[in-house]
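Results of the structural survey
Each chain, written out:
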Amino acid sequence: DPLDFEWSYWIEWGREHILWLLIGHLLVSQMSRLFMEKYKPWCLMVYGMVACWFLLGIKGLAVILLHAITSFAVAQFKIPILTWMCSLILLSTLRIPAVEEAKRKWYDTENEYYLLLFTMSVRCLFYTSFSLEYCWHGSTQKSSHSFLWMLAYMFYYPMFHNGPLMNFNEFSKQMTRQEAFSLKTNLGILIVGIIRIFFWWCLAELMIHLMYIHAIYSSSPPLEAVSYWALGGLALAQVQFFYVKYLVLYGVPGLLLQMDGLKPPALPCCVSMMHSFTKMWRCFDVGLHRFLVRYIYIPVGGSQASMLGMLFSTALTFAFVSYWHGGQSYLWYWGTLNWLGVIVENGVKRLLSVPLIQHLT
């Protein structure tokens, strides 16, 4: 069943190029940790830029650098709302038809163009994180918020194309942290990690080959013919595959982050263990959740605001998620339903915390 585009796309790119480039990153990082720990961020930055040039070409690299320079220049004003406006405008340029057509002409295949598009979308979160941290940082932190550090963060290759996301404040602290390095220990982590990821990959391939979830979803007659119980089973199978898929897609870069001495965001929790919208958003994509909370939810007011303020903060968060994922109509419906689910859950929790209600229950 080849109809899960995301899985087929990244597995194809992984086999052809990305897996080999990740192995190259691993070798560079281990050599730099062994012989020149002080210069590790810059070695990995250079490697990431070379890898970007190799896969996306000089024009793709130039566009990413242009976005980074623009965001850094706007961040000099140290006005967070201005940084956000800049990031949203840069993100919107990825969907201008004339710009899309011009970028398509840079490449021989549609898959190469989509790689640039996906990479630019993820890079948007990274330069937004850096620029907002730059707006908030004090004069004593100037050296760790330079343009060179921005490039080291943006071109860190394990998180380059598809994440996971790590906020700049976490990345810079962990990258500059000095700790004992043991090649033997790292080798043990690598072997165990490879075994786990290989198991998840085999499980995902088994689900793809035997369950035909996506093929069934692509045609309406089978869905109309089956019972509601069968539809529920198909929905459960869909989210289970989505979970296993991201164990692989986030597990590979997460393993490399560990090898580099960094602590990656936690891998997705099993969807069968989740019973609430809130837990799903907190525990499935941990890196994205931290980004949304730190840069949107809390600055706008968050849970410390009034009820209307909390509703607005949550709505703005889901609006950004929907727009960042592509902004199609079905994504707005998806975001709205998730927003309603989170609001209802929080409303029920607040209601149950009222002393009178607690006394009655």
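Residues numbered from 1 in each chain as written. Predicted model: local features only at pLDDT ≥ 70, side-chain atom pairs only at ≥ 80, totals over all residues. Heavy atoms only, no water.

Structural notes on the packing of aromatic side chains
As a reminder, the rule being used: Any two of the Phe, Tyr and Trp rings considered here, Trp counted by its six-membered ring, make a pair once their centres fall within 6.5 Å; the pair's planes then place it as stacked at under 30 degrees, edge-to-face at over 60, or tilted in between. Helix and strand labels come from DSSP, where a helix needs a run of H or I of at least four residues and a strand needs a run of E of at least two; each type is numbered from the N terminus. Three exposure classes are used, based on accessible area relative to the maximum for each residue type with a 1.4 Å probe and protein chains only: buried under 20%, partly exposed in between, and exposed over 50%. Counted as over-ring charges are cases with an Arg CZ or a Lys NZ within 6 Å of the ring centre that also lie within 35 degrees of the ring normal.
Counted by the stated rule, this structure contains 37 aromatic pairs. The interplanar angle of 75° and the centroid separation of 4.8 Å between the aromatic rings of F130 and F168 together place this pair among those described as edge-to-face. In this pair, F130 sits in helix α5 (residues 110–136) while F168 sits in helix α7 (residues 168–176), placing the two residues 38 residues apart along the sequence. Under the relative-accessibility criterion, F130 is labelled buried at 0%. One aromatic cluster is present, formed by W42, F72, F126, F130, Y134, F147, W149, Y153, Y156, F168 and F171 through successive ring pairs. Positioned above the aromatic ring of Y323, the side-chain terminus of R95 is 4.6 Å from the ring centre. Across the ring face of F126, the terminal group of R123 is positioned such that the distance to the ring centre comes to 4.0 Å.

What to know about the UniProt feature "transmembrane region" (unreviewed entry) in the protein chain
Defined as follows: UniProt positions are given in the numbering used here, feature names are shortened, and annotations may be inferred rather than shown by experiment.
Using the residue numbers shown here, the UniProt feature "transmembrane region" (unreviewed entry) corresponds to residues 42–66, 113–132, 147–166, 187–208, 228–249 and 305–324. Note that residues 113–132 is 100% helix and 0% strand, and that its end C-alpha atoms are spaced 29 Å apart. The annotated region residues 187–208 carries 100% helix and 0% strand content, and the separation between its end C-alpha atoms amounts to 31 Å.

So, the nonpolar core
If you look at soluble globular proteins, the nonpolar side chains tend to sit buried side by side. Here is the rule: Only buried Ala, Val, Leu, Ile, Met, Phe, Trp, Tyr and Cys residues count toward a nonpolar core, and they belong to the same one when joined by side-chain atoms within 4.5 Å. The contact rule is simple, with two residues in contact once any of their heavy atoms fall within 4.5 Å.
Grouped together as the largest cluster of nonpolar side chains are 95 residues, with contacts concentrated most on L56 and F171. Per element, the largest residue contribution to this core is 14 residues, and it comes from helix α2 (residues 40–75). Setting aside anything within four residues of it in sequence, one finds F171 in contact with W149, A152, Y153, Y156, M159, M166 and L262.

Focus on empty space enclosed by the protein
Selection criterion: Put plainly, a pocket is an open set of points on a 1 Å grid over the protein atoms alone with protein on both sides within 12 Å along at least five of seven lines, a cavity is a set where a 1.4 Å probe fits but cannot get out, and a lining residue has an atom within 4 Å of a point. Grid points are joined across faces, edges and corners, and a volume is the space filled by probe spheres set on the points. Polar here means any residue outside two lists: the nonpolar Ala, Val, Leu, Ile, Met, Phe, Trp, Tyr, Cys and Pro, and the charged Asp, Glu, Lys and Arg; Gly therefore counts as polar.
Applying the stated rule across the entire model yields two cavities of 30 Å³ or more. Size it by volume and the largest cavity reaches roughly 40 Å³. Along its surface, the largest cavity is lined by R33, E37, K40, Q174, R177, E179, D260 and G261. For the lining of the largest cavity, a count of residues per class yields no nonpolar, two polar and six charged. Considering the residues around the second largest cavity, the lining is formed by L94, K103, Y113, L116, L117 and M120.

What about the domain arrangement of the protein chain?
Put simply, the rule is: Boundaries of every domain are those given by an automatic assignment or by a domain database. Accessible area that two parts lose when put together, evaluated with a 1.4 Å probe and summed over both, is termed the buried area.
Taken as a whole, the protein chain is organised into domain 1 (5–176) and domain 2 (266–360). Relative placement of domain 1 and domain 2: their C-alpha centres are 27 Å apart. Listed as interface residues are 18 residues of domain 1 and, on the opposing side, 13 residues of domain 2. Summed over both partners, the interface of domain 1 with domain 2 comes to about 1400 Å²; 63% of that surface belongs to carbon and sulfur atoms. In terms of surface lost to domain 2, no three residues of domain 1 exceed W84, R95 and L125, which account for 36% of the buried area on that side.

As for the pattern of salt bridges
Side chains that differ in charge, positive against negative, can pair when their charged atoms come close. To keep it simple, the criterion reads: Throughout this description, the term salt bridge denotes a Lys or Arg side-chain nitrogen within 4 Å of a carboxyl oxygen of Asp or Glu.
Enumeration according to the criterion identifies six salt bridges in this entry. E110 is the salt-bridge partner of R104, the closest N and O atoms lying 2.9 Å from each other. Judged by its relative accessible area of 37%, E110 falls in the partly exposed class.

Regarding helix α6 (residues 147–154)
In terms of burial, α6 is a largely internal element, six of the eight residues being buried. For α6, every residue scored as buried is listed here: W149, M150, L151, A152, Y153 and M154. Of the surrounding elements, those touching the buried residues of α6 are α2, α5 and α7.

Some thoughts on the side chain of D260
Our working definition: When charges are tallied, Lys and Arg are placed among the positive residues and Asp and Glu among the negative ones, while His and the ends of the chain are skipped. By the criterion applied in these results, polar contacts are pairs of N or O atoms within 3.5 Å in which, for protein atoms, one can donate a hydrogen and the other can accept it, and in which residues neighboring in sequence qualify only through two side-chain atoms.
Note that D260 resides in the loop between α11 (228–259) and α12 (277–283). We note that D260 is buried and unpaired, the nearest opposite charge coming from R33 at a distance of 5.9 Å. In terms of polar contacts, D260 uses its side chain to reach the side chain of S29, at 2.7 Å. Side-chain polar atoms of D260 contact the side chain of Y156, separated by 2.3 Å.

Some points on a nonpolar patch on the surface
To keep things clear, this is the line we draw: Every patch collects residues that have over 30% relative accessible area and no salt bridge, joining them within 9 Å if they carry like charges and within 5 Å if they are nonpolar side chains (Val, Leu, Ile, Met, Phe, Trp, Tyr). Per-residue accessibility takes into account occlusion by the displayed protein chains alone, with areas from the Shrake-Rupley method and a 1.4 Å probe.
Nonpolar side chains collect at one region of the surface, where M31, L34, F35, M36, Y39 and L183 lie side by side and expose about 620 Å² of accessible area between them. Residue contributions to the nonpolar patch peak at three residues, all from helix α1 (residues 5–35). Structurally, the position occupied by M31 is in helix α1.

So, the environment of I296
In this structure, I296 sits in helix α13 (residues 286–300). By relative accessible area, which is 6% here, I296 ends up buried. Between the alpha carbons of I296 and F318 there is a distance of 9.8 Å; along the sequence they are 22 residues apart. Leave out the neighbours within four places in its chain, and I296 touches W84, F291, L316, T317 and F320.

Focus: the state of the cysteines
What counts, and what does not: Cysteine sulfur atoms are paired as a disulfide whenever they come within 2.5 Å of each other.
Applying the stated criterion across every chain yields a total of zero disulfides. Just so you know, C43 is unpaired, no disulfide at all, and the nearest cysteine sulfur is the one on C52, 18 Å from it. Take C43: its relative accessible area is 21%, and that puts it in the partly exposed class. Between C202, a free cysteine, and C270, which holds the nearest cysteine sulfur, the sulfur-to-sulfur gap is 18 Å.

Digging into the packing of helix α3 (residues 80–92) against α5
To be explicit about the condition: Angles run from 0 to 180 degrees between N-to-C directions of axes, and those axes are lines fitted to C-alpha atoms, restricted for helices to the stretch in contact. Angle categories: roughly parallel below 35 degrees, roughly antiparallel above 145, roughly perpendicular from 65 to 115, and oblique for all the rest. If you view the pair so one helix is near and one far, a crossing is left-handed when the near helix is turned anticlockwise from the far one by less than a right angle, and right-handed when it is turned clockwise.
Where α3 contacts α5, the axes come no closer than 9 Å and their chain directions differ by 165°. By the angle between their axes, α3 is roughly antiparallel relative to α5. Read as a crossing pair, α3 and α5 show a hand that is right-handed. Here α3 contributes P80, T83, W84, S87, L90 and L91 to the contact with α5, which in turn contributes C124, Y127, T128, S131, L132, C135 and W136. Residues of the contact of α3 with α5, tallied by class, amount to nine nonpolar, four polar and no charged.

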